[in-house]
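In case you want the letters, here they are:
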Amino acid sequence: MTVAVFPGSFDPMTLGHVDVARRAMSFTDELIVAVGMNPSKRYMFTPEERLILARQSLEGCEGVRVEPMSGLLVDFCRNYQADVIIKGIRGAADYAAEEPMALMNRHLTGIETIFILADPVLAHISSSLVKDLAHHRAPIDDFVAPAAAQAITMRIKENR
Ligand code: PNS
């Protein structure tokens with residue numbers, strides 16, 4: 001049985017993330033989506049909210065679980081006896097950021113990272129762009145699940 005971990009901030013999860021999770025399920029038995037924290041980022045949603053939105057976005061995806069992650073990704077992977085890490089790559093900038101992390105994680109425990117190239121139809125979608133669109137009152141339903149779209153719109157209204 002192959003277990004894969006798909007880590008990220010997911011602030012919130014986009015349809016691009018959902019596509020990567022679905023495609024990872026074609027070659028793994030279980031996918032654990034790890035909702036983590038990048039200290040260099042400011043988040044719109046709390047860790048608990050990001051977890052709930054990720055679960056709602058992935059509803060109906062069989063074999064996928066969403067769990068909170070604190071501490072090192074390699075420790076999370078060890079806890080869940082994961083065989084591999086999955087990352088989505090939208091372009092050169094993503095690759096440049098991900099390469100040292102993949103090498104570091106392999107150095108630490110030997111775990112490999114598999115990169116899934118974003119579907120070109122979804123490669124322009126990022127959580128930050130979606131939030132920026134919403135700040136300008138543009139529609140965001142093409143980019144995130146309905147629960148996430150509603151949560152973003154509400155959070156922006158609360159902060160106005
Ligand atoms: O979606 P993001 O913001 O790119 O996700 C980054 C995340 C949470 C996956 C990354 O920061 C991470 O793996 N954090 C856990 C801490 C860790 O293992 N740091 C060392 C990475 S080599």
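Residues numbered from 1 in each chain as written. Predicted model: local features only at pLDDT ≥ 70, side-chain atom pairs only at ≥ 80, totals over all residues. Heavy atoms only, no water.

*Asks:* Looking at this structure, I do not really get the packing of aromatic side chains. What am I missing?
*Replies:* To describe a pair of aromatic rings, you give the distance between the ring centres and the angle between the ring planes. Counted according to the given criterion, the structure contains three aromatic pairs. Judged by centre distance (5.3 Å) and plane angle (75 degrees), the ring pair of Phe6 and Phe10 falls under edge-to-face. Per residue, the accessibility class of Phe6 equals that of Phe10, and both read buried. A cation over a ring is seen here: Arg50 above Tyr43, with NZ or CZ 4.0 Å from the ring centre. (Phe/Tyr/Trp six-rings, centres within 6.5 Å; stacked < 30°, edge-to-face > 60°. Buried < 20%, exposed > 50% of the residue type's maximum accessible area, 1.4 Å probe, protein only. Lys NZ or Arg CZ within 6 Å of the ring centre and 35° of its normal.)

*Asks:* I would appreciate a short explanation of the site of the ligand in the present structure.
*Replies:* Looking at the ligand, there are 13 residues lining it, with Ser9, Lys41, Gly71, Leu72 and Leu73 nearest. Note that an oxygen atom of the ligand is positioned 2.5 Å from one of the side-chain N or O atoms of Ser9. In this structure, an oxygen atom belonging to the ligand sits 2.6 Å away from a side-chain N or O atom of Lys41. Contact with the protein chains covers 78% of the free accessible surface of the ligand, which is 550 Å². (Near = heavy atom within 4 Å. Polar contact = N/O pair within 3.5 Å; in protein donor to acceptor, adjacent residues only side chain to side chain. Areas by Shrake-Rupley, 256 points an atom, 1.4 Å probe, with all protein chains shown as cover.)

*Asks:* Explain unusual backbone geometry to me, please; I cannot follow it from the model alone.
*Replies:* Going from Asp11 to Pro12, the amide bond is cis rather than trans, its omega being -5 degrees. Within the element layout of this structure, Pro12 appears in the loop between β1 (3-8) and α1 (15-24). One non-glycine residue, Phe10, adopts positive backbone phi at about 50 degrees. Note that Phe10 resides in the loop between β1 and α1. According to the relative accessible area criterion, Phe10 is buried, its value standing at 3%. (Helix = DSSP H or I, 4+ residues; strand = E, 2+ residues; numbered from the N terminus.)

*Asks:* Explain α1 here, please?
*Replies:* Among the residues of α1, those classed as buried are Gly16, Val18, Asp19, Val20, Ala21 and Ala24. The N-cap residue of α1 is Thr14: its side-chain oxygen and the backbone nitrogen of Gly16 are 3.1 Å apart.

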